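# Residue-level structure breakdown
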Amino acid sequence: MKSASAASGGDRLDQAIAMQDNMAQGKFVVQDMLNDKNVELTPRQLELIRRVQAGAFAHPEHDANPDYVDYFSGVDPEVSGLSKEKYEPKSRFQPSMWERVQVKRMLERLRKGHVSMDYLKGKVHDMRPKDKLMEEDPNKLYTLWKGDEEDELAMRKGPQHIAAPKAPPPGHAESYVPPGEYLPTEQDLKEWEEMEPSDRPHGLLVPKKFPNLRSVGAYEHAVREAFERCLDLYLCPRQLKRRLNIDPESLVPRLPKSTDLKPFPNAKCVEYVTPHDDNDDKPIIRCVAASPNGQYMASGASDGFVRLWEVETGRLLNSWDLSTLVSKLAKEEDEPNTSNGDGEQAKKATPVVSLEWNPNRTHHCLVAAVGKCVIVLATGTAGINDAELTQALLSTAHKGGINVTTPKAQKAVKWIAVKGEGGAEENKGGSAATLSPSKILVGPVCLLKTNAAVSNVRWQAKGDYFVSVCPKAGAAAVLIHQLSRGNSQQPFGKAKGESQLACFHPSKPFLFVASQQHVRVYHLVKQAMVKRLVSGCRWISSLDVHPSGDHLIVGSLDRRMVWFDLDLSATPYKTLKYHERALRSCRFHGRYPLMASASDDGAVHIFHSMVYNDLMRNPLIIPVKILRGHNVDKSTKLGVLSVTFHPTQPWIFTAGADGRIFLFQDI
């Protein structure tokens, strides 16, 4: 049995052929599914379908916008006399006050040049220059619902309107079912009653718990709080803070890469093993110093020994027991602290707290601070040519020809020539200076005894003068000594604070003396204070001067390293705070633009510190490397105690409380 659609229209092939024929004849035939027959659409029906699909009125005859027809009631008001405005009022014939104000404003703007006659006549609609008109964005968006009140606020005279700050949103305490920790106890309520409302944790509100929201009544302090807020808004001035839309990355300075700033020490290469008894702990290395030629290095430890090392091989060349030497001297002078005998001195050795190598290449000697004494040692590393110069420098002190002239210095320091035999660590005695087989002076030469414990010694650049600091000695805390003549001077008659450190200017007769919080610069020739540097630190622990002499760095126990530009200001140029614990040592390199700082956190920070000859350029300070290798001592909480740079290479020596000495090189 055939379907009706197939009987009337044929199959799909017949329908396709019929559609092609209709299109060729210009007919549009559709299938009427309800009546099951083909219907040919007329042109008017096609037009109606097109208009409906386009969203217009279906019938083309419909006029959507007819002409306005003025419906006339038949009464002409102009002829009938029913108009109330037949006669003009008297005010219409008088000059308008509003128009006079507008004319006055226009004349004032015309006189000032804000507008022109073309603008007043309507020929020009904008008085701005053409270039600014061209710069305007044609796609600029405007607020559609902008009210006139905003224009009035912007155009009105007087201070700018600032909206009141919003009240803080309610917290957990304002809830009708607050958490248990917000509900006060009876004791809390008694304490709150005695306190002022402003000091209470929630003000006048007392958190309460209700079973449901319908049980919550009106807030009893609502009127009072609203009134107090109105008083605050009325009495307290407000200021509009402008937010700057700045890209944070644009504020960060563009620093060069660390690889472009080489060379600098970056790898641990040599370890210097300090000998000690197996039953005892490793001695704490308090200080290190390198020879000017870079071949040798000396270290001072808590066991009172000064050890001489060969830099490249790490071999121990010589060692001197200065603690025993100082204890023997104290015993000879019958001091009270030596009345217990040698047993107590042997148990508790006097540490070497400061050690400096003579900066002159031809003078092979050291100065070490041990207890109340400053000891001068001949290292014995001089060659044939330098041995005579070194021996000539030390001859006065070695032979005992001491000539301290000033009475103050005679009371503050006493020069003692060291005499005796021995020289190595195994002798366990106070070794004195001896002549080696090549007739070179080796060992302690002389001893300078002061009235208090010595904390710091530093050489002058030429290698003849050195300064010692005794913080507890009062006015005699800072002493300047001349080694070639065996003379000492006390530069200050009064003590200005407790002096901690001192060092010389590399090229000028200046002396830098650091107290706990300040650094004073003295002119030794004029005998006057030149400048007082305010560090802003709590306790200064280290001090060093740049080789140019125009810059100074100060390390402190409150984790800060402060950079001073001496030509710029008496306040710090830059404060660096990279360490986690107290700083113990900070040093400049003599040849390379390098700077280092050591701390109790066990790390040594290396900085690239370029100082330019151009006075208009600021120094460039960039951290480039963090050297780690030392362990923090658990008992004393001390880390790296001393650092010093190699004089000719970008290397650095580090000494720590763990009893180890490292040499970091650039690889």
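Residues numbered from 1 in each chain as written. Predicted model: local features only at pLDDT ≥ 70, side-chain atom pairs only at ≥ 80, totals over all residues. Heavy atoms only, no water.

### Concerning the nonpolar core
The biggest cluster of nonpolar side chains holds 27 residues, and the ones touching the most others in it are Val376, Leu394, Trp415, Leu448, Phe466 and Leu483. Residue assignment for this core shows that the elements contributing at least two residues are strand E9 (365-370), strand E10 (373-378), helix H14 (384-399), helix H15 (407-412), strand E11 (413-417), strand E13 (441-450) and strand E14 (456-459). Element by element, the count of residues in this core is highest for E13, at four residues. Apart from the residues within four sequence positions on either side, valine 376 is in contact with Leu366, Val367, Leu394, Gly443, Pro444, Val445, Cys446, Leu448, Phe466 and Leu483. (Core = buried A, V, L, I, M, F, W, Y, C linked by side-chain atoms within 4.5 Å. Buried < 20%, exposed > 50% of the residue type's maximum accessible area, 1.4 Å probe, protein only. Helix = DSSP H or I, 4+ residues; strand = E, 2+ residues; numbered from the N terminus. Contact = heavy atoms within 4.5 Å.)

### Points about the packing of aromatic side chains
Tallied over the full model, the rule gives seven aromatic pairs. Pairing tyrosine 272 with tryptophan 309 gives two aromatic rings, centres 5.8 Å apart and planes at 65°, and the pair type is edge-to-face. Linking tyrosine 272 in strand E3 (residues 267-273) with tryptophan 309 in strand E6 (residues 305-310), this pair joins segments that are 37 residues apart in sequence. Judged by its relative accessible area of 0%, tyrosine 272 falls in the buried class. For tryptophan 309, a relative accessible area of 1% puts it in the buried group. In textbook terms, an aromatic cluster arises when at least three aromatic residues are bridged by ring pairs, as seen for Tyr272, Trp309 and Phe653. Positioned above the aromatic ring of phenylalanine 662 is the side chain of lysine 268, whose terminal nitrogen or guanidinium carbon lies 4.4 Å from the ring centre. (Phe/Tyr/Trp six-rings, centres within 6.5 Å; stacked < 30°, edge-to-face > 60°. Lys NZ or Arg CZ within 6 Å of the ring centre and 35° of its normal.)

### Looking at the side chain of serine 599
Considering the arrangement of structural elements, one finds serine 599 in strand E27 (residues 594-599). Residue class for serine 599 comes out buried when judged on its relative accessible area of 0%. Leave out the neighbours within four places in its chain, and serine 599 touches His579, Arg581, Ala582, Leu583, Arg584, Gly639 and Val640.

### Focus on the pattern of salt bridges
Per the counting criterion, the structure on display carries 13 salt bridges. A salt bridge links glutamate 498 to lysine 472, with the nearest nitrogen and oxygen atoms 3.6 Å apart. Note that glutamate 498 is positioned in the loop between strand E17 (487-489) and strand E18 (501-504) and lysine 472 in the loop between strand E15 (465-469) and strand E16 (478-482), a separation of 26 residues in sequence. Close ionic contact of arginine 584 with aspartate 600 constitutes a salt bridge, the shortest N to O distance being 2.9 Å. Of this pair, arginine 584 sits in strand E26 (residues 583-588) while aspartate 600 sits in the loop between E27 and strand E28 (603-610); the two residues are 16 residues apart in sequence, bridging distant segments of the chain. A relative accessible area of 4% places aspartate 600 in the buried class. Shared partners join several salt bridges into a network, and the residues in it are Glu356, Arg458, Asp544 and Arg587. (Salt bridge = Lys/Arg side-chain N within 4 Å of Asp/Glu carboxyl O.)

### Details of the sheet that holds strand E29 (residues 620-628)
Strand order in the open sheet formed by four strands is E26-E27-E28-E29, and the pairing between neighbours is antiparallel. Unpaired on one side and paired on the other, E26 and E29 mark the two borders of the sheet. Neighbour-to-neighbour, the strand axes of the sheet open up by a mean angle of 20°, direction not taken into account. Relative to E29, E28 is paired through eight bridges, and the arrangement is antiparallel. Bridging from a neighbouring strand, isoleucine 606 pairs with lysine 625 of E29. (Pairing = 2+ DSSP bridges. Axes fitted to C-alpha atoms, helices over the stretch in contact; angles between N-to-C directions.)

### Concerning the pairing of strand E32 (residues 660-665)
Counted residue by residue, E32 has six buried out of six residues, so it is predominantly covered. Bridge count for E3 against E32 is six bridges, and the pairing is antiparallel. Within E32, the position partnered with glutamate 271 by the bridge is phenylalanine 662. Linking strand E31 (residues 652-656) to E32, which pair antiparallel, is a turn of three residues; within it glycine 659 sits at a positive phi near 80°.

### Quick notes on the side chain of arginine 520
Within the secondary structure, arginine 520 is located in strand E20 (residues 518-523). The charged side chain of arginine 520 is buried without a salt bridge, its nearest counter-charge being glutamate 498 at 12 Å. Among the polar contacts listed, one links the side chain of arginine 520 to the backbone oxygen of lysine 496, at a separation of 3.4 Å. Excluding residues within four positions of it along the chain, arginine 520 makes contact with Lys496, Leu511, Phe512, Val513, Ser515, Met529, Lys531 and Arg532. (Lys, Arg positive; Asp, Glu negative; His and termini not counted. Polar contact = N/O pair within 3.5 Å; in protein donor to acceptor, adjacent residues only side chain to side chain.)

### Section: the confidence of the model for the protein chain
Should the pLDDT be low somewhere, the predicted coordinates at that spot are not to be read in detail. Within the protein chain, residue pLDDT values average 85, and 87% of them lie at 70 or more. Note that residues 1-7 has pLDDT below 50 and, in this model, three contacts with residues that lie over four places away or in other chains. Scored below 50 in pLDDT, residues 337-346 shows seven contacts in the model against residues more than four places distant or in partner chains. (pLDDT = per-residue confidence, 0-100.)

### So, a negative patch on the surface
On the surface, Asp277, Asp278, Asp280 and Asp281 cluster together to form a negatively charged patch. Tracing the backbone shows aspartate 277 in the loop between E3 and strand E4 (285-290). (Patch = residues over 30% accessible without salt bridge, like charges linked within 9 Å, V, L, I, M, F, W, Y side chains within 5 Å. Areas by Shrake-Rupley, 256 points an atom, 1.4 Å probe, with all protein chains shown as cover. Charge placed at Lys NZ, Arg CZ, Asp CG, Glu CD.)

### Section: helix H5 (residues 97-112)
Look at H5: 23 Å from first C-alpha to last across 16 residues, which is about the 22 Å you get at 1.5 Å a residue. Taken across its 16 residues, H5 has zero buried, putting it largely on the surface. Its side-chain oxygen 3.4 Å from the backbone nitrogen of tryptophan 98, serine 96 forms the N-cap of H5. Positive backbone phi, approximately 90°, marks glycine 113, located one or two places after H5. (Expected span 1.5 Å × (residues − 1).)

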